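Letter by letter, the chains look like this.
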Amino acid sequence: MEKKSIKGSEVDHGKLIINTEWCKGCGICTAFCPTKAIELKGEKVTVADIEKCTQCGLCELRCPDFAIYVGRKKNEQKG
Amino acid sequence: MPSQLVEKYFRADHLPQIWCPGCGHGIITRSITVAIEQLGLDPDKVCVVSGIGCSSRAPGYLDFNTLHTTHGRALAFATGIKLANPELKVIVIMGDGDSTAIGGNHFIHACRRNIDITTIIFNNNIYGMTGGQYSPTTPKFDKGTTAPYGNIDKAFDICDLASAAGATYVGRATSYHANMVTTLVKNGIMNEGFSLIEAISGCPTYYGRKNKKGGPVEMMQWQKDHAVNITAAAKMTPEQMEGKFLIGEFKNKPEPEYTKEYQRIIDSIKGSDV
Amino acid sequence: MSKKVKLMQGNEACVEGAIAAGMTFYAGYPITPSTEIAEISAEKLPRIGGRFIQMEDEIAGIAAAIGGSLTGAKTMTATSGPGFSLKQENIGYAAIAEIPVVIVDVQRGGPSTGQPTSPAQGDMMQAKWGTHGDHPVIALCPSSVKETYDLTIRAFNLAEKYRMPVLLMMDEVIGHMREKIELPEASEIEIINRKRPTCPADEYLPFKPEADLVPPMADFGAGYRYHVTGLIHDETGFPSNSTDVADKLIRRLVDKIEINKKDIITWEEENTEDADIIIFAYGCVARAAKTAIKILREKGVKVGLFRPITVWPFPEERMIELAKSAKAIVAPEMNLGQMVLEVERLCSKYTKIEKLNKVNGEIIYPEEIVAKIEEVL
């Protein structure tokens, strides 16, 4: 059985990865982001200022849709 | 590519999940998988069983042996699985109405037996799937579609109920306190006995709207502002605790586990004349 | 090696048959007149490394039996009327989720609390229609202690073969009577086990049928990690809103029995070759019918017995055949006419059908059957 591929709806911002198809625009991640690095635009989360992001992971922790998560950290080895 | 966690433990081709925008259930479900990840459980041996309701759709998204049963009966099915094959790790996900209304009898007896099942009740104080009827955990005076003039029932305290019935590990967290959900679920799985974690979840669509609690963010803010860890509560006055609710680990008292006790019977009698 | 000959109670024979068939898990609740099945299972199962649990209520009893079956175990639960009513939702669950489980109903006087210690046959239509929605049904009906043993084994075999709940419709007389029984050697017993998948886990479709319309069933824990739900689902097991999927699934579940009828349906006939009158009887009433036939034959009356052993699916073809050459069919039942509705549906255009109904808690006596037939003649 072939697994359905996730449509090309993930946007890799480096520090953060956002799946715009899965995001339902609830606003929880942006409301509780300590640095306001992300914001809601047109009912989807998007990056406001990626430099402000500290990869604290709170958005990933509280996203009900698994639509935003922390990308590879600077000092992390790949794989 | 979804996150590593989602890739490993979710059936990603069935996502996005069907829950409403801002529903706490996705957060709690994810927190449960973090616990499974931290414990390094073998997914082939994990069974996730649910009843009927919004929370009970969770197992369908999880890549384990998953069983979506009938309303209120998850614990009875799960008991059969665990007793027939005690090597399986059985996790049960239920809603507040599912577990304490129609499922009430199975709930108290699973606690009483202290069978090694970890149960997470996604408590959103309402029957969400059927459109917002009040449940045994809807606060008094709140409204639901079948309590249009305000609920005259008193609400259960699920943790008190579980503890009194015999559960040996009991705790409460919220979708805001997602890390605590993970910790409690992890400890619950490690407890060899019946573990009950009540996870308060926000239902912005029905409970929230009907009772003017705001949207997802306001409901989550409410959880943050009104939850008090039981260790901190010990030092607070009744006035300070007014309107607040407790979270944290409430009970951790291991006792003989059901399937192990049954195994002792088998060991003592197996092979003797049928 | 000599066979084991024992004097055994019907309920005990049920447990013996279950264990011979490979039962290793029983979950249930006490209810007269089935309680001995639970008690004897509680006593015997741990001795063979099996497990027994008395659950908190009837619904939990069947739920746990279904849960146990998902781990690969052969499981059973037993009850009577009130419990049979309570179990209906989960019987439907086992039917749509295609989970093998044996459910024994030792019938007693109903409705409701009724007559707990008296026999009846009032649940026969409930066996077919009790759970909501269209669903497959296999129900077997023994009329002796030995047959209870044999049909319990058959119930397990059919449940495994067709991946579904199978009902064993006993009654208080059959459950509590004691008769001589010769237990066969294990090597003489045919055991059927469910088909299990052999494909790799990522290719497994838990509800994709093979030619016999039955999908292979993996054990929970064996590495296949699939989803089971009572919602309408497709071949992957996941819920579906498609009208096409719903139509296909429900029809396949029912056709599973339809296309395999020849394998499933059994009946017994006695003295039907030259019979003018056919007695249609099942369960304990068939015993009285056999005595009635002896009495009537001595009087020169050409009477025979047609006894369905599978009551559902109903042995339609043979029933119709017999009706065509009979002057009348007499149907004694310990209810107000239930299985006779099938006989009437199939046979009223060919012959006269007479009912003999008793609902006072007493078994129908041979003399009552004799009197009825003499009335009909």
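Residues numbered from 1 in each chain as written. Chains lettered and ligands numbered in written order. Predicted model: local features only at pLDDT ≥ 70, side-chain atom pairs only at ≥ 80, totals over all residues.

Participant: Can you break down the sheet that holds strand β16 (residues 352-357) of chain C residue by residue, with the values?
Facilitator: Residue and element names in this part refer to chain C. Strand order in this open sheet of five strands is β11-β13-β12-β15-β16, and the pairing throughout is mixed. The two strands at the open ends of the sheet, each matched to only one other strand, are β11 (267-270) and β16. Taken over all neighbouring pairs, the strand axes of this sheet differ in orientation by 20° on average, direction set aside. Sheet topology places strand β15 (residues 328-333) next to β16; six bridges connect them, and they run parallel. Bridge assignment links A331 to a residue of β16, and that residue is K355. In the packing of helix α12 (residues 339-347) onto the sheet, contacts are made with β12 (277-280), β15 and β16, and the angle to β15 comes to roughly 165°. (Pairing = 2+ DSSP bridges. Helix = DSSP H or I, 4+ residues; strand = E, 2+ residues; numbered from the N terminus. Axes fitted to C-alpha atoms, helices over the stretch in contact; angles between N-to-C directions. Contact = placed C-beta atoms within 7 Å.)

Participant: Can you break down the interface of chain B and chain C residue by residue, with the values?
Facilitator: Contacts between the two partners involve 36 residues from chain B, matched on the other side by 37 residues from chain C. When residues of the side of chain B that touches chain C are traced back to their parent elements, those giving at least two are β2 (65-68), α4 (74-84), α6 (104-113) and α13 (258-269) of chain B. When residues in the side of chain B that touches chain C are grouped by element, the largest group, eight residues, is from α4(B). Partitioned by chemical class, the residues of the side of chain B that touches chain C number 16 nonpolar, 14 polar and six charged. Here three bridges tie β2(B) to strand β10 (residues 227-229) of chain C, and the two strands are oriented parallel to one another. Across the sheet, B:H68 pairs through a bridge with C:T229, a residue of β10(C). (Nonpolar A, V, L, I, M, F, W, Y, C, P; charged D, E, K, R; others polar.)

Participant: Please set out the domain arrangement of chain C residue by residue, giving values where relevant.
Facilitator: Where interface size is quoted, it is often the accessible area lost as the parts come together. All names here are of chain C. Each domain of chain C was delimited in the assignment, giving domain 1 (4-188) and domain 2 (268-376). Look at where the C-alpha atoms of domain 1 and domain 2 centre, and you get two points 26 Å apart. Opposite the 21 residues of domain 1 that make contact, domain 2 presents 20 residues. Sorting the residues of the side of domain 1 that touches domain 2 by element identifies β6 (115-119), α5 (124-129), β7 (139-140), β8 (165-171) and α7 (172-176) as the ones contributing at least two each. Top element by residues in the side of domain 1 that touches domain 2 is α5. It accounts for four residues. Its residues placed into classes, the side of domain 1 that touches domain 2 shows 13 nonpolar, six polar and two charged. (Domains from an automatic or database assignment.)

Participant: Describe the sheet that holds strand β5 (residues 68-70) of chain A, listing the residues and the values that go with them.
Facilitator: Two orientations exist for strands paired in a sheet by backbone hydrogen bonds: parallel and antiparallel. Residue and element names in this part refer to chain A. In space, the three strands of this open sheet follow the order β1-β2-β5, with antiparallel pairing throughout. For this open sheet the edge positions go to β1 (10-12) and β5, each flanked by a neighbour on one side alone. Neighbouring strand axes in the sheet, compared pairwise and without regard to direction, differ in orientation by 20° on average. Across three bridges, strand β2 (residues 16-19) lies against β5 in antiparallel orientation. Within β5, the position partnered with I17 by the bridge is Y69.

Participant: Tell me about the pairing of strand β3 (residues 38-41) of chain A, residues and numbers included.
Facilitator: All names here are of chain A. Strand direction decides the pairing type here: β3 and strand β4 (residues 44-47), joined by four bridges, are antiparallel. Counted as the bridge partner of E39 is T46 from β4. A loop of two residues connects β3 with β4, the two strands running antiparallel in sequence, and G42 in this loop sits at a positive phi of about 55°.

Participant: I'd like a rundown of the confidence of the model for chain A, residues and numbers included.
Facilitator: Of all residues in chain A, 82% attain a pLDDT of 70 or more, and the chain-wide mean is 87. Confidence over residues 1-5 of chain A falls short of pLDDT 50; this stretch has five contacts with residues more than four positions distant or in other chains. (pLDDT = per-residue confidence, 0-100.)

Participant: Would you mind going over the environment of C:Y162 in detail, with residue names and values included?
Facilitator: Residue and element names in this part refer to chain C. If you trace the backbone, Y162 turns up in helix α6 (residues 145-162). The exposure class of Y162 is buried, given the 24 C-beta atoms found within 10 Å. Those residues in contact with Y162 that lie beyond four places of it in its chain are I138, V214, K256 and N260. (Buried ≥ 20, exposed ≤ 12 C-beta atoms within 10 Å, placed from the backbone.)

Participant: Lay out the packing of helix α11 (residues 316-325) of chain C against α12(C) in plain terms, naming residues and giving numbers.
Facilitator: Residues and elements named next belong to chain C. For the pair α11 and α12, interaxial distance at closest approach is 9 Å and the crossing angle is 65°. Of the two elements, α11 crosses α12, and the hand of that crossing is right-handed. Residue-level contacts link E316, M319, I320 and A323 of α11 to V343, L346 and C347 of α12. Tallied by class, the residues present in the contact of α11 with α12 amount to six nonpolar, no polar and one charged. (Left-handed = near helix turned anticlockwise from the far one by under 90°.)

Participant: Could you give me a rundown of the nonpolar core, with the residues and numbers involved?
Facilitator: Among the nonpolar cores identified, the biggest contains 206 residues, and C:V102, C:I138 and C:I279 are the most heavily contacted of them. Ranked by residue count, the leading element in this core is α6(C), at nine residues. Here this core spans two domains, since at least three of its residues come from each of domain 1 (4-188) and domain 2 (268-376) of chain C. Excluding its chain neighbours within four sequence positions, the residues that come into contact with C:I279 are C:A289, C:A292, C:I293, C:V303, C:L305, C:V330, C:P332 and C:I369. In terms of nonpolar packing, the next biggest core, distinct from the first, is built from 10 residues, B:C23, B:C54, B:Y127 and B:Y206 among them. (Core = buried A, V, L, I, M, F, W, Y, C linked by C-beta atoms within 7 Å.)

Participant: Describe unusual backbone geometry, naming the residues involved and giving the relevant values.
Facilitator: Residue and element names in this part refer to chain C. In this structure, the amide linkage connecting G110 to the following residue, P111, adopts the cis form with an omega of -5°. Mapping P111 onto the fold places it in the loop between β5 (101-109) and β6. Following W312, the chain continues to P313 via a peptide bond in cis, the omega torsion being -10°. If you trace the backbone, P313 turns up in the loop between β14 (310-312) and α11.

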